[in-house]
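Secondary and tertiary structure notes
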Amino acid sequence: QVQLVESGGGLVQAGGSLRLSCAASGRTFSLYAMGWFRQAPEKQRELVAAITSGGSTNYANSVKGRFTISRDNAKNTVYLQMNSLKPEDTAVYYCAARRGNPTFLARDYEYWGQGTQVTVSS
């Protein structure tokens, strides 16, 4: 069982930065692939970035070059550094965990955090 708690969301102006954190419980965090998803009102949940247990990363085209996912297995934490934020990045951001390799599908992830709101003003 893995419990995930996100933090770091908030209100920021366009062009600004935020760093989201996701703290995980459990002693097997290093075995899980981690993903950051987001969901805007009336839109489907979409993968923003993912990282394997070994540290390989993947990004949605919409955030490449602006967002960076990383993990610190010693701290059981995964991060999402978001730079050059745009109003269209406004959403609730969720972290999620799954055994094996990361995928782009929300239904493939076993564990979810409660979400943190990110609002980017123009």
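Now for a quick tour of the structure. Just so you know, these numbers come straight off a predicted model, no measurement behind them. (Residues numbered from 1 in each chain as written. Predicted model: local features only at pLDDT ≥ 70, side-chain atom pairs only at ≥ 80, totals over all residues. Heavy atoms only, no water.)

Pairing in this open sheet of four strands is antiparallel, and the strands run S1-S3-S8-S7 from one edge to the other. Each edge of the open sheet carries a strand with a single partner, namely strand S1 (4-7) and strand S7 (67-72). Between one strand axis and the next, the sheet turns through 15° on average, direction left out of account. Taken together, the six bridges between strand S3 (residues 18-24) and strand S8 (residues 77-82) define a ladder with antiparallel strand orientation. If you follow Ala23 over to S8, its bridge partner there is Thr77. (Pairing = 2+ DSSP bridges. Helix = DSSP H or I, 4+ residues; strand = E, 2+ residues; numbered from the N terminus. Axes fitted to C-alpha atoms, helices over the stretch in contact; angles between N-to-C directions.)

This next bit is on the pattern of salt bridges. With the rule as written, the count across this model stands at three salt bridges. A salt bridge links Arg38 to Asp89; the shortest N-O distance between them is 2.9 Å. Highlighted residues: Arg38 in strand S4 (residues 32-39) and Asp89 in the loop between S8 and strand S9 (91-99), separated in sequence by 51 residues. The burial state of Arg38 is the same as that of Asp89; both residues are buried. Among the salt bridges present, the one from Asp89 reaches Arg66, with a minimum N-O distance of 2.8 Å. Linking Asp89 in the loop between S8 and S9 with Arg66 in the loop between strand S6 (57-59) and S7, this pair joins segments that are 23 residues apart in sequence. Overall, the relative accessible area of 10% leaves Arg66 in the buried class. Shared partners join several salt bridges into a network, and the residues in it are Arg38, Glu46, Arg66 and Asp89. (Salt bridge = Lys/Arg side-chain N within 4 Å of Asp/Glu carboxyl O. Buried < 20%, exposed > 50% of the residue type's maximum accessible area, 1.4 Å probe, protein only.)

With that out of the way, let us pick up the state of the cysteines. This structure, assessed with the given rule, holds one disulfide. Cys22 shares a disulfide with Cys95; S-S distance 1.9 Å. Residues Cys22 and Cys95 share a disulfide whose torsion about the S-S bond is about 50°; that sign makes it right-handed. You can see Cys22 sitting in strand S3 and its partner Cys95 sitting in strand S9, a full 73 residues away along the chain. Overall, the relative accessible area of 0% leaves Cys95 in the buried class. (Disulfide = S-S within 2.5 Å.)

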